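Spelled out, the chains give:
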Amino acid sequence: MRNIKVEGNHTGEYLLSEGEGQISREAIVVAAGPFLPAGQMLGIKTVGGEYVPYNNAANDGSEVAVGILYAPLPESTVARRAVAHIRLCEVSAERLIGLDAAGRADLKVRHLIVR
């Protein structure tokens with residue numbers, strides 16, 4: 001029997017290119033919750049203004065994709081500081097978590113180009 005292991009995304013592995021310096025990245029606050037992998041698409045909750053995983057079926061602000069989590073975040077019962085790409089970059093569709101057609105369109109408006 002073979003013992004096959006699958007690695008998750010590494011920090012920034014979804015990234016193809018970004019703007020010079022750190023113009024593409026932003027320090028953010030992610031709401032308390034489960035482990036989130038690098039490449040997780042993010043929305044912003046209308047109440048509280050914290051970033052949460054993008055969910056196109058929601059009705060709380062997270063139904064609009066606004067960024068991509070740069071590095072994995074451990075599970076937490078309190079809000080977490082993180083970094084996300086929120087503008088001016090190209091990313092790999094295969095490495096994004098939660099990508100759908102609506103999310104792709106949302107990201108394009110913010111100059112996050114999915115290839």
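Everything discussed here concerns the structure shown above.
This report concerns the structure included in the present document. What you are looking at is a predicted structure, and each value in this text was computed from that prediction instead of being measured.

**Quick word on the overall build of the chain**
A tally of regular secondary structure across the chain gives 1 helix and 8 strands. Reading the chain from its N terminus to its C terminus gives the helix and strand order β-β-β-β-β-β-β-α-β. Its C-alpha radius of gyration of 14 Å places the chain within 12% of the 13 Å reference for a compact globule of 115 residues. Oriented by its inertia axes, the alpha-carbon framework of the chain measures out at about 50 × 35 × 30 Å. Here the chain holds 115 residues, and 38% of them are scored as buried. Sequence separation of at least 24 residues holds for 63% of the intrachain contacts in the chain that already meet a minimum separation of 6. Element-wise, carbon and sulfur atoms account for 54% of the exposed surface of the chain, whose accessible area totals about 6800 Å².

**Re the environment of His 10**
For His 10, the position within the fold is in the segment before strand E1 (15-18). With relative accessibility at 44%, the residue His 10 sits in the partly exposed group. A C-alpha to C-alpha distance of 20 Å links His 10 and Gly 33, two positions 23 residues apart in sequence.

**Description of the side chain of Ser 76**
By secondary structure assignment, the location of Ser 76 is in the loop between strand E5 (67-69) and strand E6 (80-85). Only 2.8 Å separates the side chain of Ser 76 from the backbone oxygen of Val 78, close enough to count as a polar contact.

**Let's talk about the sheet that holds strand E8 (residues 112-114)**
The mixed open sheet is built from 3 strands, whose spatial order is E1-E7-E8. Strand pairing shows two members of the sheet lacking a second neighbour, E1 and E8, which therefore form its edges. In this sheet, adjacent strand axes meet at a mean angle of 15 degrees when their direction is disregarded.

**Observations regarding the pattern of salt bridges**
All chains considered together, the criterion is met by 5 salt bridges. Across the pair Glu 13 and Arg 95 runs a salt bridge, and its minimum N-O distance is 3.4 Å. Here Glu 13 is found in the segment before E1, whereas its partner Arg 95 is found in the loop between strand E7 (89-91) and helix H1 (101-109), with 82 residues between them in sequence. With relative accessibility at 30%, the residue Glu 13 sits in the partly exposed group. Glu 18 is the salt-bridge partner of Arg 25, the closest N and O atoms lying 2.7 Å from each other. Exposure remark for Arg 25: the relative accessible area of 22% places this residue in the partly exposed category.

Analysis parameters
Residues numbered from 1 in each chain as written. Predicted model: local features only at pLDDT ≥ 70, side-chain atom pairs only at ≥ 80, totals over all residues. Heavy atoms only, no water. Helix = DSSP H or I, 4+ residues; strand = E, 2+ residues; numbered from the N terminus. Rg over C-alpha atoms; globule rule 2.2 N^0.38 Å. Buried < 20%, exposed > 50% of the residue type's maximum accessible area, 1.4 Å probe, protein only. Contact = heavy atoms within 4.5 Å. Areas by Shrake-Rupley, 256 points an atom, 1.4 Å probe, with all protein chains shown as cover. Polar contact = N/O pair within 3.5 Å; in protein donor to acceptor, adjacent residues only side chain to side chain. Pairing = 2+ DSSP bridges. Axes fitted to C-alpha atoms, helices over the stretch in contact; angles between N-to-C directions. Salt bridge = Lys/Arg side-chain N within 4 Å of Asp/Glu carboxyl O.

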